[in-house]
There are 2 protein chains.
Amino acid sequence: MRPGSTRELAHPDAADLVLTDVLFALSDPARLEITRRLAEGPLEVAACQPTGGDLPKSTLSHHLKTLREAGVIRNVPHGRQRYVSLRRDDLEQRFPGLLAAVLRPAPAGE
Amino acid sequence: MRPGSTRELAHPDAADLVLTDVLFALSDPARLEITRRLAEGPLEVAACQPTGGDLPKSTLSHHLKTLREAGVIRNVPHGRQRYVSLRRDDLEQRFPGLLAAVLRPAPAGE
DNA sequence: CCAATAGTTCGAAGATTTTGGAACTATTGA
DNA sequence: TCAATAGTTCCAAAATCTTCGAACTATTGG
């Protein structure tokens, strides 16, 4: 296992997160659902698949890229697969309360 | 002053607000700034103009439309002009904490 | 090693957004 | 009543996003 042989992806520093980018990343239904799923805990890429959806690998990968570049998730190599996780602490530090508000299910009632 | 002669614009009911639509509306820098400006209080359309920006009327109007259709703002006729205001209560009821998190200035610090 | 696995990246087509000029509409001050 | 004011709507061009097949890259089980 050569050092640096794994394909590390770029992640913005917590301090560099941009609110509009985060909001944009979360403004897509599929990406929002991925985010909610990740709130339960880290997952491998394939398991991020939104409910009932069978997005092609490339599409799912693109959504993850959007979330990652906005700083919402972290995507690290793990053997043959990858672990995707929510950047909870970084988001909370930079935009306090945002994640909680977004993850909270909307009150029922028409 | 004929009844119904004023140009009323459509506004979604509070219960029908969609989170992803709200997030999308707020994900544009100009629209986010308009929203922040409105947090201080209602304004006429022209006064919503983002700082230093001199957006053409039509562009500004379009941004307001996006915010209005997402349910972020209300835009009502008022004489020759219009009053634009933040739908604070509706947003708070439907997505508790969201507006506060978005309006709060990001913590300083690199 | 080799093949299978798990994903990313490339590229291109189609859909949506963004922008802004021009035309249009109400409303009011003079 | 008329012109000026304050905005919206219409339209089209340019930019950006979304989607997904296909090619490519690591990694590991056998």
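Placed above this text is the structure.
Our subject in this report is the structure included herewith. Every value quoted in this text rests on a predicted model; they were computed, and no experiment measured them.

**With respect to the packing of aromatic side chains**
Point 1. For the structure shown, the criterion picks out one aromatic pair over all chains.
Point 2. Taken together, a centroid distance of 6.3 Å and an interplanar angle of 50° make the contact between Phe 24 of chain A and Phe 24 of chain B tilted. A residue pair is termed interchain when its members come from two chains, as with Phe 24 of chain A in helix α1 (residues 19-26) and Phe 24 of chain B in helix α1 (residues 19-26).
Point 3. Relative accessible area serves as the criterion here: at 37%, Phe 24 of chain B is assigned to the partly exposed category.

**Structural notes on the relation of the copies chain B and chain A**
Point 1. Overlaying chain B with chain A gives an RMSD of 0.0 Å, the required rotation being 180° about an axis along which the chain moves by 0.0 Å. The operation mapping one copy onto its partner corresponds to a two-fold rotation axis.
Point 2. Here 100% of the interface residues in chain B have copies in chain A that are interface residues too; the copies meet face to matching face.

**Focus: the sheet that holds strand β2 (residues 73-78) of chain B**
All names here are of chain B.
Point 1. Read from one edge to the other, the open sheet built from three strands follows the order β1-β3-β2, with strand pairing classed as antiparallel. Across the chains shown, the open sheet's two edge strands, defined by having one partner strand only, are β1 (43-44) and β2.
Point 2. Running at roughly 90° to strand β3 (residues 81-86), helix α2 (residues 29-38) makes contact with β1, β2 and β3 of the sheet.

**With respect to the pattern of salt bridges**
Residues and elements named next belong to chain A.
Point 1. In the structure shown here, the tally under the stated rule is six salt bridges over all chains.
Point 2. Of the charged contacts, one joins Asp 90 and Arg 87 as a salt bridge, the two residues approaching to 2.9 Å between their closest N and O atoms.
Point 3. For Asp 90, a relative accessible area of 17% translates into the label buried.
Point 4. A residue is classified by how much of its surface remains accessible, and Arg 87, at 3% relative accessible area, is buried.
Point 5. In the salt-bridge network here, residues are joined through shared partners; they are Arg 74, Arg 87 and Asp 90.

About the thresholds
Residues numbered from 1 in each chain as written. Chains lettered and ligands numbered in written order. Predicted model: local features only at pLDDT ≥ 70, side-chain atom pairs only at ≥ 80, totals over all residues. Heavy atoms only, no water. Phe/Tyr/Trp six-rings, centres within 6.5 Å; stacked < 30°, edge-to-face > 60°. Helix = DSSP H or I, 4+ residues; strand = E, 2+ residues; numbered from the N terminus. Buried < 20%, exposed > 50% of the residue type's maximum accessible area, 1.4 Å probe, protein only. Least-squares fit on C-alpha atoms with pLDDT ≥ 70 in both. Contact = heavy atoms within 4.5 Å. Pairing = 2+ DSSP bridges. Axes fitted to C-alpha atoms, helices over the stretch in contact; angles between N-to-C directions. Salt bridge = Lys/Arg side-chain N within 4 Å of Asp/Glu carboxyl O.

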